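# Summary of structural features
Each chain, letter by letter, is given below.
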Amino acid sequence: MNSHKQAALIIVGHGSTTNPDSSAPTHLHADSIRRRGLFREVACCFWKEEPNMREVYEMVDSKVIYIVPNFISEGYFCQQVLPRELQLSGPTTQRAGKTIHYCDPVGIHPNMTRLLIQRADEVAPHVPREQTSLVIVGHGTSLNENSTKAIQDQVALIRSGPYGFAEVIDAYMEEAPFVAEWAKLTTAPNVVVVPFFIADGLHSFQDIPVLLGMREEVGAALSEVGVFHHNPHQLQGRSIYYSGAIGTEPLMADVILDQVHDFDAKHAVQDKIEMPNDEVKSSLAYWLNSGLDELGEVVITTNDDGSYSLCHVADRGADNLQIHRETNDALLIARNDASGTFRPLHTAPTLKRGWRLDLASLEDLRLALDFFYPAAIGMARALEQEKLTSVPLRDLLGRQTGMYRFVNTITDDQAHALIGKTCANTNCLRRILWPLTPAQPMAGAAEAKTRPNHATNGIPLLCIEACTHVVSAARKAARENHEAKSAE
Ligand code: SF4
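As the structure is a computational prediction, the values presented were derived from the model and not from experiment. (Residues numbered from 1 in each chain as written. Predicted model: local features only at pLDDT ≥ 70, side-chain atom pairs only at ≥ 80, totals over all residues. Heavy atoms only, no water.)

Here the focus is the side chain of serine 239. Tracing the chain through its elements places serine 239 in strand β10 (residues 238-242). Given a relative accessible area of 13%, serine 239 falls into the buried group. Here glutamine 234 takes part through its side chain, which lies 3.2 Å from a polar atom of the side chain of serine 239. With sequence-adjacent residues up to four places away left out, serine 239 is seen in contact with Pro189, Asn190, Val191, Pro232, His233 and Gln234. (Helix = DSSP H or I, 4+ residues; strand = E, 2+ residues; numbered from the N terminus. Buried < 20%, exposed > 50% of the residue type's maximum accessible area, 1.4 Å probe, protein only. Polar contact = N/O pair within 3.5 Å; in protein donor to acceptor, adjacent residues only side chain to side chain. Contact = heavy atoms within 4.5 Å.)

Taken together, Cys423, Thr426, Cys428, Arg430, Ile432, Trp434, Cys463, Ala466, Cys467 and Val470 are the residues near the ligand. Here the residues of the shell around the ligand sort into 8 nonpolar, 1 polar and 1 charged. (Near = heavy atom within 4 Å. Nonpolar A, V, L, I, M, F, W, Y, C, P; charged D, E, K, R; others polar.)

The next point concerns the packing of helix α8 (residues 279-289) against helix α10 (residues 362-372). In contact at an axis separation of 10 Å, α8 and α10 are set at 95° when each is read in the N-to-C sense. On the basis of the axis angle, α8 is roughly perpendicular to α10. Contact residues: α8 offers Val280, Lys281, Leu284, Ala285 and Leu288, while α10 offers Leu362, Glu363, Leu365, Arg366 and Leu369. Per-class residue counts for the contact of α8 with α10 are 7 nonpolar, no polar and 3 charged. (Axes fitted to C-alpha atoms, helices over the stretch in contact; angles between N-to-C directions. Parallel < 35°, antiparallel > 145°, perpendicular 65-115°, else oblique.)

Moving on, we get to the environment of proline 344. Here proline 344 is to be found in the loop between α9 (329-335) and β15 (355-359). Of the residues examined, proline 344 reaches a relative accessible area of 15% and is grouped as buried. Taking the C-alpha atoms as reference points, proline 344 and histidine 469, 125 residues apart in sequence, are found 9.8 Å from one another. Among all residues touching proline 344, those that are not within four sequence positions of it are Ser16, Thr17, Glu50 and His469.

Before going further, it helps to spend a moment on the packing of aromatic side chains. Overall, the coordinates contain 6 aromatic pairs when judged by the stated rule. Ring centres 6.4 Å apart and planes at 70° place the aromatic pair phenylalanine 39 and tyrosine 66 in the edge-to-face group. You can see phenylalanine 39 sitting in the loop between α1 (24-36) and β2 (41-46) and its partner tyrosine 66 sitting in strand β3 (residues 64-69), a full 27 residues away along the chain. Like tyrosine 66, phenylalanine 39 is buried. Among the aromatic residues, those joined into a cluster by ring pairs are Trp47, Phe71, Tyr76 and Phe77. Positioned over the ring face of tyrosine 57 is arginine 95, at 4.9 Å from the centre of the ring. (Phe/Tyr/Trp six-rings, centres within 6.5 Å; stacked < 30°, edge-to-face > 60°. Lys NZ or Arg CZ within 6 Å of the ring centre and 35° of its normal.)

The following block contains the structure:
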């Protein structure tokens, strides 16, 4: 088995601009793997959250990178969106002196069976399997048949294995067999329902419970009323045991590692030790020694014993702060603003106050800063070395697919206006480095965002590609153009 101690692992998740639970399992599994010390670096990136798939490469120094999609199926995202966004040309891509291996998504690994069984046993302990129907629930869609295949494969594996359930079936929210018909599809007195999703969210908290009949209609999130803790639910003369999404199972971290292991075996990857340069950490140390001590709204104090303390810039010198000592606490501090509202844009100036984070080492500091401002240190380092490339807005909009495929029809004036408005509305602390096209710099309201804006003692926060907020605004403008044209 190859050692990956000089390699980086990047776990890719979907993420969400509205639901903090979406990215939580990906961060959890990354933390679990990081603690085992199997990889030199472990990072996450997301389709809808920060860091995005271009930025994440600036977070790792390692010359060998394994990418594992934390996705359920081999569908549209894993086959089209992720390779395009991550600039991959096949299972292994050589780029800029790095070797990048693209592994299969977690959801199709045969070891998912172990997780499903574990979940079923957790949710319905001591319930005899021979009197239990196991129902594995997916979204189902006519867009891509792969989205159901992963579930059907698991059903076949459990049916043919030594597990002893009365029956095992697949069911879907949007295609037959429908989960709403669970009572007709199953016969056992006990029914264990496991959502085959990566994260808990609207589907597992609200939609599926309604389809099962646990709730009359979609109302307050069932997470708030403890849907997973009130098992069994008595419905139609049966006992239903309802579990959280399979992707929240801690054993998913092992499936991520299994996918790396299987990639090495399938592609006969040779174990080669290529020592990285540790450039990101060295740059951080250099900047701190040079007197730079701010990154966005975070101030970094280097203590006499070589440890570090972080706090909100507005709390510099305050002594009644809540003390944290875990690097991961940075994730939690940065997650919600002072009112408890989710902060999908980390560079919005809404970081809450009142905390201090004490960290023992430069490595911990680097990781914590990446939780506060994903990829910021790496991008600042790359800019200083004149290695940072940005993506012109027209290139970004032009590569969109699916429901975003028309976004590049907006006019130049609309683009400048919506950039100015979106970035101003969020008060984003980043400086835009991308032009409209390689030959067209920003103009109008967008131009102001391209000027340096960080404090003289600050490390710059940079924007190398328009974020999901700008792309969504462009989609809205493109749709309005289309509707106006249709009405003519
Ligand atoms: S596009 Fe604007 S709002 Fe989005 S990250 Fe860049 S600077 Fe911030």
